[in-house]
Amino acid sequence: MTSGRWGATSCALLLSWTLCIACDSEQAPRVIMPVVVDSDGIVEFDTNEGYHVQITELRVAFDNVEFTSGGEMHGSLLGRLGHGLGELLLPTAYAHPGHYAGGEIAGEITGRFVVDWLDDGASLGEASLLAATYSGANFVFTRATADDGVAADDPIIGHTIALAGVATKSGETWTFHGFLDEEEGKRVIGLPISEDVSADQTEFVVDESTDVTLGLQILMVDPFEPETAFDNIDFATSDADADGDIELVAGEAIYNVLVRQLQVHDQYRVSIR
């Protein structure tokens, strides 16, 4: 008798759970949204070493952008702690407002991309999102291949990032250029998603009436703190032969700083256009 009652109860619970899933499915239609490049984050800026920097090329290879709902917000406490104890508890990537991690994936745009972040408005395709409240996004670094829509002789092939620019200080000028290789398959988790780049809380509600375009941004300047993607780089010291031109070479100090800084999610966001 006990076994029979348990079996009946289990069947009832299973039926109830199945019906709930069906109801949730009916209440969460999929919404298709265009995704484009947003170049607003590519600005001229001044670093903590006193250099004025202008980016002339910035392309990044990645795949599978995921849009997440829920998750835990990082930074409320760490922002007050500054770069002391907070840095020991959690890495810088989780130390700013507006960043959520651990959310459920409820939308995505799949595929491989080599994004030219100076080409504002360039289409990356369409994302499919369940009707939900979104708080962030993730993507995965990769290495560019000839199948990614670039020319067969494009020098970015085999690399993650193609970067070039100009730095000036006290009347002197340095150009820099080269390729950076992020770890293959490295996930960047917790990009904020909002209309306002300085929003310290990010939630974006999607329903059947939502009609917007999502933009992927890379940020040269941190919207919350006086930090830039090129802080702690001394271009004069990096110019070993003093010819005013710096090639980014693996293992050198400038290369290592840029690889480390451009892999944290503070440098990226999803805008609503």
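The coordinates are above.
Keep in mind it's a predicted model, so treat the numbers as computed, not measured. (Residues numbered from 1 in each chain as written. Predicted model: local features only at pLDDT ≥ 70, side-chain atom pairs only at ≥ 80, totals over all residues. Heavy atoms only, no water.)

Undergrad: What is the right way to look at the pattern of salt bridges in this model?
TA: Counting across every chain of the model gives six salt bridges. In this structure, the salt-bridge partner of arginine 59 is aspartate 154, at a minimum N-O distance of 2.8 Å. Of this pair, arginine 59 sits in strand S3 (residues 52-69) while aspartate 154 sits in the loop between strand S9 (136-141) and strand S10 (161-169), placing them 95 residues apart in sequence. What makes arginine 59 buried here is its relative accessible area of 14%. Judged by relative accessible area, aspartate 154 falls into the buried class, the value being 15%. Put simply, arginine 187 and glutamate 66 hold a salt bridge, and the shortest N to O gap is 3.0 Å. Placement of arginine 187 in strand S12 (residues 187-191) and of glutamate 66 in strand S3 is noted, with a sequence separation of 121 residues between them. The class of arginine 187 is partly exposed, set by a relative accessible area of 38%. Residues joined in a network through salt bridges with shared partners are Asp38, Asp120 and Arg273. (Salt bridge = Lys/Arg side-chain N within 4 Å of Asp/Glu carboxyl O. Helix = DSSP H or I, 4+ residues; strand = E, 2+ residues; numbered from the N terminus. Buried < 20%, exposed > 50% of the residue type's maximum accessible area, 1.4 Å probe, protein only.)

Undergrad: Sorry, what's going on with the packing of aromatic side chains here?
TA: To describe a pair of aromatic rings, one takes the distance between the centres and the angle between the planes. Under the counting rule described, the total for this entry stands at 12 aromatic pairs. Taking the centre distance of 5.6 Å and the plane angle of 75° together, the rings of tyrosine 51 and tryptophan 174 count as edge-to-face. Here tyrosine 51, found in the loop between strand S2 (45-46) and S3, pairs with tryptophan 174, found in strand S11 (residues 172-180); they are 123 residues apart in sequence, far enough to count as distant. Across this residue pair, the class does not change: tyrosine 51 and tryptophan 174 are buried. Ring centres of phenylalanine 230 and phenylalanine 235 lie 6.4 Å apart, and the angle between their planes is 20°; this geometry places the pair in the stacked category. On the basis of relative accessible area, phenylalanine 230 is assigned to the buried category, the value being 1%. (Phe/Tyr/Trp six-rings, centres within 6.5 Å; stacked < 30°, edge-to-face > 60°.)

Undergrad: Looking at this structure, I do not really get empty space enclosed by the protein. What am I missing?
TA: A probe as big as a water molecule, rolled over the atoms, marks out the empty space that is left. Evaluated as defined, the whole model comprises two cavities of 30 Å³ or more. For the second largest cavity, the calculated volume is near 40 Å³. Lining the second largest cavity, in full, are Val65, Trp117, Ala137, Asn138, Phe139, Leu191, Leu216, Gln217, Tyr268 and Arg269. Residue contributions to the lining of the second largest cavity peak at three residues, all from S9. Taken together, the residues that form the lining of the second largest cavity break down as seven nonpolar, two polar and one charged. (1 Å grid on protein atoms, 1.4 Å probe; cavity = no way out; pocket = protein on both sides within 12 Å on 5 of 7 lines; lining within 4 Å. Points joined across faces, edges and corners; volume = space filled by probe spheres on them. Nonpolar A, V, L, I, M, F, W, Y, C, P; charged D, E, K, R; others polar.)

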